[in-house]
Amino acid sequence: MSPDLTTSLGSLQLGAPTLTASGCAAAGKELAQFGDVSTLGAVVTKSIMMQPRSGRATPRMAETPSGMLNSIGLQGPGIEVFLEKDLAWLHENNVTTIVSIAGNNVEEFGELARILAKVPGVDGLEVNISCPNVESRGQVFACNPVSAAQVIETVRSVWHSDAPVLAKLSPDVTDIVEIAHSVVEAGVDGVSMINTLLGMVIDVDGMKPMLGGRTGGLSGPAIRPVAVRAIYQVHAAIPHLPILGMGGIRTGHDALEFIAAGASAVSIGTVVFGDPSAPWRIATELGQELESRGYNSLSEVIGLAHQN
Amino acid sequence: MSPDLTTSLGSLQLGAPTLTASGCAAAGKELAQFGDVSTLGAVVTKSIMMQPRSGRATPRMAETPSGMLNSIGLQGPGIEVFLEKDLAWLHENNVTTIVSIAGNNVEEFGELARILAKVPGVDGLEVNISCPNVESRGQVFACNPVSAAQVIETVRSVWHSDAPVLAKLSPDVTDIVEIAHSVVEAGVDGVSMINTLLGMVIDVDGMKPMLGGRTGGLSGPAIRPVAVRAIYQVHAAIPHLPILGMGGIRTGHDALEFIAAGASAVSIGTVVFGDPSAPWRIATELGQELESRGYNSLSEVIGLAHQN
Amino acid sequence: MSTAKQMKCTIRSLEPVGEYLHLILDAPEMPEVQPGHFAAVAVGGVGGGMLLRRAFSIHKSEPGETLELIFAAHGQGTQWLATQSAGDVIDVIAPLGKPFVLPRQPVACVLVAGGYGAAPMELLAQQLRARGCRVDVVLGAATQEKLFGVLSLKGVSDSLTVTTDDGTSGVRGRVTDVLAELMTRNESKAVYACGPMAMLQAVAAVAQENGAFSQCAVEESMACGIGVCMTCVLPVIGDDGVTRMVRSCVEGPVFRGDRVRWNDVDTIPQDTFGAPSPGGH
Amino acid sequence: MSTAKQMKCTIRSLEPVGEYLHLILDAPEMPEVQPGHFAAVAVGGVGGGMLLRRAFSIHKSEPGETLELIFAAHGQGTQWLATQSAGDVIDVIAPLGKPFVLPRQPVACVLVAGGYGAAPMELLAQQLRARGCRVDVVLGAATQEKLFGVLSLKGVSDSLTVTTDDGTSGVRGRVTDVLAELMTRNESKAVYACGPMAMLQAVAAVAQENGAFSQCAVEESMACGIGVCMTCVLPVIGDDGVTRMVRSCVEGPVFRGDRVRWNDVDTIPQDTFGAPSPGGH
Ligand SMILES: Cc1cc2nc3c(=O)[nH]c(=O)nc-3n(C[C@H](O)[C@H](O)[C@H](O)COP(=O)(O)OP(=O)(O)OC[C@H]3O[C@@H](n4cnc5c(N)ncnc54)[C@H](O)[C@@H]3O)c2cc1C
Ligand SMILES: Cc1cc2nc3c(=O)[nH]c(=O)nc-3n(C[C@H](O)[C@H](O)[C@H](O)COP(=O)(O)OP(=O)(O)OC[C@H]3O[C@@H](n4cnc5c(N)ncnc54)[C@H](O)[C@@H]3O)c2cc1C
Ligand SMILES: Cc1cc2nc3c(=O)[nH]c(=O)nc-3n(C[C@H](O)[C@H](O)[C@H](O)COP(=O)(O)O)c2cc1C
Ligand SMILES: Cc1cc2nc3c(=O)[nH]c(=O)nc-3n(C[C@H](O)[C@H](O)[C@H](O)COP(=O)(O)O)c2cc1C
Ligand code: FES
Ligand code: FES
């Protein structure tokens, strides 16, 4: 019998263990030509802001060894158009949807949450606190336990919905467990980790940073060991906390590493760019990895690497 | 005419721009079969401690995408044997030598510096503050501006030598510029960056962390964009501070990225394991990269990417 | 949006043509292709260090049979591709992007290409001629070895002009040095262009000055090629007159030449939809 | 420490032998080799995602001419190596490590190998016989396809015994099931072993029980293979009776079987030189 791959993130039941990572699948529609999007664990949408946003200047990407840098700068249509077009499509197509939100300040996060709490088809909220706080000299919310908690408290106070709220954590911190503790106290139902690492590539012909935004976020298999470590640390410190894991997952074997470290489900990000069918393929492979090791379900493996 | 590749780190003149990275060339002797070690910029020796040290249990390494994890745990013979055997060999062979030191507490760093300040053949000191502080629940010195500064102040107070003192910084911090500022105030002549990133690989057959030490340090080309970013940030904040750059350098082109970001010289680490002649090859390639772009010297390129 | 297929394709042949390589793939699952469509090829092998696909204009294709690409071995990925050989299997997604829009009327058209930008032009010329259009071709390159398609395009066009920067073949100079006169002579109503951005900008300008419609296939750095990553954007003016940062992989790579804000590529013009207000967001 | 060469070697042939692959390289710069030396092979190609070399016992070598290895396509790197073909060039460092120590006297020796552990044994048998030693060989594997070298070792030994776990060839069981009796019968004074750690441990124990000297080639995960990284250590008792974490790439891979603390491999025994005091350093 093939293993039971269903899982959950807090109150949200997932029919499959692989989700798309925010910013790596737009709002799901473009992936429909490579698979049935409604069979994914969920689509996590590109972080949406209140206002339309042009993003940063190009070049916005650089390939790096086993990874890439991006500096998209949260380009998006703003929450209104998102609801009308993107969320409507997801809802019509019965896609489990986790909406990722980003704000320039704490209030904007609150406004976004207030709007989304009322809308049908939002199965979960991922709060991308790994974006710069314009009120605090551009420091990233997730890099400070106080500002991270402020965002979550504000979101929580207006989130009149049963759908879980996840905080998306940045690995660019001295102590990720401290940040996890602070968002848990502020009331999250789970955490998503990890966002990208801050990186840079220099264009040595132009003698300037390669990306239009100078720095960018490093993602892909290159960062996988950092993601596994972060998840392992947070699960060790807060065992009951649901974790949506991500960071360089390419195969079912990689996904199993994340589950064993403590993730309840995984998001596939950068690898989708090279292999758009990866979210489906990895779910299948994960099933095979579990089966070949004699496990009957994914749930029995969550955090198992902590027992040995 | 081929470009002038000589450079300096504070008062230390280097005949070549590529050094070995601490822990990636032992004390130089084993590399002698692949090249003339005295022609390298310098050998940076494996971090030495006061006492002999067995290191951590095996497995001590795991290959990762474009990188590796290691958890050696600072295995070494202790300062006494180091002076007798390793330093003596380096000195006899006219190798420019930067000795890397590590202590379990602030006093040990001081003791090591006091001993080394008197010994001939020490051309520079690299203070590896990226190791755990046993007195502070194992927190790494370099992760805290106060403990980082304490180490440097203590070293500086007994360092009666003209050879430069470099602090080796960890990238696993929220704000590396803050740490750089604090070690500069404490009196370093330069910084080495970056040390490895904390990572983990799970053995999904054994269902436990792969490494004997559970976590390990991630190095290699995978982390290069993080290193370039860190160097760029520190050079932007403290332009006069000499930087020894490292982190995944594989080619002369990579080395040029580091120089353009603000490094005065570079150390070659993990890549040596796959290509023991890399430190020499990369110096040659760097010369070609400079020449093909019409530069006459390495020194004119240091930090050049900040001007555009 | 075209519906693309992710396919394993066996290399039938890989041969040099001038400074480029001509790759012919067995592509039994290949859908119909329009000129201007592109293909995205995975490089470096599984477990290699390169995650991102490389984009190439589709040169030719027999649906259900073959797919042909022309490429320059340039950086790490294309150099890897150049070392593959017949029998090796590569992973390809195609067809991608919006193709060239063909005129409804049998008007005179000029096809302008720089270097490997000529790859999609034979297919385009054939389709235009099938609609009764006059087809004039201008091929430019830095030097003779970087010209592609001179012979084959001669066979499917009414005239073919070659320019090289160094004069090693045809007229010494740029494609735009000959374009205006050619357009006047033939009363060309549409210009189709593929090549470097600077060339596209110049061609679009000449087209506009001569009252012609232009279609330009742009080349922006692409991470995904399928519309999900937002790396490949450039400022394009919409039907409503508003400039947006638009994805060249799904809304392009072919754009109307008068709609692309060529001077502002690699910037966010201040009047772009959603642009940062002065002083930041 | 041997002096190793970093060489570009062209593949002369790569052929399957049972479940293994036999790689023959052109190695014009190859120095002299002793049995037990190993080679470290770069895998994945330049720019690939694999930074570390793979270590293989040297099977055979003609100095200045060839280098032969036997390997199992196991993980990512060896699988890549298995896809290479004649004419491809790979980067090799050899010879590395400390080889087997040969006896001064012409004593009776037993060579025990598990699976591809037989790779260095033909060379070893030849050298022992050249010194007048009697050579008995025991080859073991899980199953018949995982045996290597049966025929060739028959030709250079006085007796050859095969064991397989599943009985598909030779005696059903482990190499140690036949070793003691063989040693008694032939009054063997030295045992040479290469294979999995558990086998080495068992062989070393049997050798010691029978008053023989043993030499075991261990297999520890290696990052550099040249002594600079300290990843490949295991606890070995020195001449002074002190246990140290010793690098198997330069002080091994061949160790005296009675000196390796087999039960403590993958730990730091408390009495190791420099071990953490209880409660940490
Ligand atoms: C729509 C389209 C059609 C193209 N058609 C052709 C063609 O027919 N023949 C041809 O030779 N080339 C074509 N190119 C350019 C080709 O994609 C690049 O030359 C190639 O991606 C460079 O890869 P590399 O491995 O050589 O370089 P690398 O520097 O290793 O590439 C690193 C990364 O940057 C991206 N990149 C680098 N340069 C470009 C570029 N110029 N355009 C887009 N992405 C880039 C790569 O896709 C990769 O993700 C086309 C590009 C686009 C966008
Ligand atoms: C001295 C010595 C001699 C050897 N001789 C042979 C031989 O003759 N034939 C043969 O088939 N194999 C031999 N091995 C084992 C061989 O090195 C490993 O099977 C191989 O490195 C695994 O690489 P991979 O790409 O298949 O696995 P991966 O899992 O991709 O390897 C990842 C990393 O771990 C290291 N590693 C993994 N397994 C081992 C291992 N068992 N031993 C050492 N390093 C390992 C690799 O070198 C690499 O750096 C020998 C090992 C040593 C140390
Ligand atoms: C092009 C790109 C855009 C991204 N955009 C977002 C985003 O809008 N919001 C967010 O929370 N994370 C974003 N991420 C981060 C990913 O969701 C993910 O956390 C990270 O890339 C690590 O996973 P990966 O290695 O599988 O890509 C983006 C990543 C990439 C590569
Ligand atoms: C096996 C290994 C051992 C290391 N040991 C030390 C050490 O003792 N002291 C130190 O400061 N850094 C040590 N490092 C870190 C390197 O010096 C270097 O900072 C880091 O690996 C990044 O450079 P690289 O990617 O070129 O290896 C070690 C790295 C490796 C891979
Ligand atoms: S390349 Fe990803 S959206 Fe266009
Ligand atoms: S493998 Fe590096 S020291 Fe042995």
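All figures in this text were calculated on a predicted structure; none of them were measured in a lab.

### Topic: the site of ligand 3
Inference 1: As a matter of local geometry, ligand 3 sits amid 23 residues, with A:Ser22, A:Ser47, A:Gly220, A:Gly248 and A:Thr270 nearest to it.
Inference 2: Site remark: ligand 3 is flanked by residues from chains A and C.
Inference 3: Within the backbone of A:Gly269, a nitrogen or oxygen atom sits 3.1 Å from an oxygen atom of ligand 3.
Inference 4: For the shell around ligand 3, the class distribution of residues is eight nonpolar, 13 polar and two charged.

### Section: the sheet that holds strand β11 (residues 197-199) of chain A
Residue and element names in this part refer to chain A.
Inference 1: The four strands are arranged β5-β6-β14-β11 in an open sheet whose pairing can be described as antiparallel. The open sheet is flanked by β5 (61-64) and β11, the only strands paired with a single partner. Pairwise comparison of adjacent strand axes, ignoring direction, gives a mean angle of 35° for this sheet.
Inference 2: Examined bridge by bridge, β11 and strand β14 (residues 216-219) share three bridges and lie antiparallel to one another. Residue pairing in the sheet places Leu197 in a bridge with Leu218 of β14.

### Some thoughts on the site of ligand 1
Inference 1: By nearness alone, 23 residues border ligand 1, and C:Ala55, C:Gly75, C:Gly77, C:Thr78 and C:Glu219 come closest of all.
Inference 2: At the site occupied by ligand 1, nearby residues are drawn from chains A and C.
Inference 3: Residue C:Gln76 places a main-chain N or O atom 3.5 Å away from an oxygen atom belonging to ligand 1.
Inference 4: In the environment of ligand 1, an oxygen atom lies 2.4 Å from a nitrogen or oxygen atom belonging to the side chain of C:Thr78.
Inference 5: Protein chains shield 86% of the accessible area of ligand 1, which is 820 Å² for the free molecule.
Inference 6: Sort the elements by how many residues they give to the shell around ligand 1 and strand β4 (residues 54-62) of chain C lands first, with four residues.
Inference 7: Taken together, the residues of the shell around ligand 1 sort by class into 11 nonpolar, seven polar and five charged.

### Description of the interface of chain A and chain B
Inference 1: In this assembly, 44 residues from chain A lie in contact with 44 residues from chain B.
Inference 2: Here chain A meets chain B over a buried area of about 3600 Å², counting both sides, of which 63% is carbon and sulfur.
Inference 3: Between chain A and chain B we count two salt bridges in total.
Inference 4: Taken together, the links from chain A to chain B amount to 18 residue pairs in polar contact (both at pLDDT 80 or more).
Inference 5: With seven residues, the top contributor of residues to the side of chain A that touches chain B is helix α5 (residues 224-237) of chain A.
Inference 6: Along the lines of polarity and charge, the residues of the side of chain A that touches chain B split into 26 nonpolar, 10 polar and eight charged.

### With respect to the environment of A:Arg229
Inference 1: Assignment of secondary structure puts A:Arg229 in helix α5.
Inference 2: The class for A:Arg229 is buried, based on a relative accessible area of 8%.
Inference 3: Here the alpha-carbon distance between A:Arg229 and A:Ala261, two residues 32 residues apart in the chain, equals 7.9 Å.
Inference 4: Those residues within four positions of A:Arg229 in sequence are excluded, and the remaining contacts are A:Ile176, B:Asp172, B:Leu198, B:Gly199, B:Met200 and B:Thr215.
Inference 5: Within the structure, the side chain of A:Arg229 is placed 2.9 Å from the backbone oxygen of B:Leu198, a separation counted as a polar contact.

### Examining the relation of the copies chain A and chain B
Inference 1: Structural alignment of chain A on chain B gives an RMSD of 0.0 Å, achieved by rotating through 180° and translating 0.0 Å along the axis. In the structure described here, the two chain copies are related by an operation that fits a two-fold rotation axis.

### Details of the pairing of strand β14 (residues 216-219) of chain B
Inference 1: By the bridge criterion, three bridges tie strand β6 (residues 67-70) of chain B to β14(B) in an arrangement that is antiparallel. Considered in β14(B), the bridge of B:Leu69 is made with B:Leu218.

### Digging into the domain arrangement of chain C
Residues and elements named next belong to chain C.
Inference 1: When its domains are assigned, chain C resolves into domain 1 (5-96), domain 2 (108-217) and domain 3 (226-272).
Inference 2: Counting residues at the interface gives 14 residues for domain 1 and 13 residues for domain 2.
Inference 3: The three residues of domain 1 that bury the most area against domain 2 are Tyr20, Pro35 and His59, which together make up 44% of that side's buried surface.
Inference 4: Taken together, the links from domain 1 to domain 2 amount to one salt bridge.
Inference 5: A salt bridge links Lys60 to Glu122, with the nearest nitrogen and oxygen atoms 3.4 Å apart.
Inference 6: Between the two partners, domain 1 and domain 2, sit five residue pairs in polar contact (both at pLDDT 80 or more).
Inference 7: Element by element, the count of residues in the side of domain 1 that touches domain 2 is highest for β4, at four residues.
Inference 8: Looking at the side of domain 1 that touches domain 2 residue by residue, the class counts come to seven nonpolar, five polar and two charged.

### Quick word on the packing of aromatic side chains
Residues and elements named next belong to chain C.
Inference 1: Tallying each qualifying case throughout the model produces eight aromatic pairs over all chains.
Inference 2: Summarising the aromatic geometry, the rings of Tyr20 and Tyr116 are spaced 6.0 Å apart at their centres and angled 85° between planes, so their arrangement reads as edge-to-face. A residue pair is termed long-range when its members are at least 10 positions apart, and Tyr20 in strand β2 (residues 20-26) and Tyr116 in the loop between β7 (109-114) and α2 (121-130) qualify at 96 residues.
Inference 3: Using a relative accessible area of 33% as the deciding quantity, one classes Tyr116 as partly exposed.
Inference 4: Both rings, one in Phe100 and one in Tyr192, keep their centres 5.6 Å apart while their planes meet at 80°; by these two values the pair is edge-to-face. A residue pair is termed long-range when its members are at least 10 positions apart, and Phe100 in the loop between β6 (89-96) and β7 and Tyr192 in strand β11 (residues 190-194) qualify at 92 residues.
Inference 5: One cation-aromatic arrangement involves Arg244 over Phe273; the distance from NZ or CZ to the ring centre is 5.3 Å.

Conventions and cut-offs
Residues numbered from 1 in each chain as written. Chains lettered and ligands numbered in written order. Predicted model: local features only at pLDDT ≥ 70, side-chain atom pairs only at ≥ 80, totals over all residues. Heavy atoms only, no water. Near = heavy atom within 4 Å. Polar contact = N/O pair within 3.5 Å; in protein donor to acceptor, adjacent residues only side chain to side chain. Nonpolar A, V, L, I, M, F, W, Y, C, P; charged D, E, K, R; others polar. Pairing = 2+ DSSP bridges. Helix = DSSP H or I, 4+ residues; strand = E, 2+ residues; numbered from the N terminus. Axes fitted to C-alpha atoms, helices over the stretch in contact; angles between N-to-C directions. Areas by Shrake-Rupley, 256 points an atom, 1.4 Å probe, with all protein chains shown as cover. Contact = heavy atoms within 4.5 Å. Buried area = accessible area lost by both parts, 1.4 Å probe. Salt bridge = Lys/Arg side-chain N within 4 Å of Asp/Glu carboxyl O. Buried < 20%, exposed > 50% of the residue type's maximum accessible area, 1.4 Å probe, protein only. Least-squares fit on C-alpha atoms with pLDDT ≥ 70 in both. Domains from an automatic or database assignment. Phe/Tyr/Trp six-rings, centres within 6.5 Å; stacked < 30°, edge-to-face > 60°. Lys NZ or Arg CZ within 6 Å of the ring centre and 35° of its normal.

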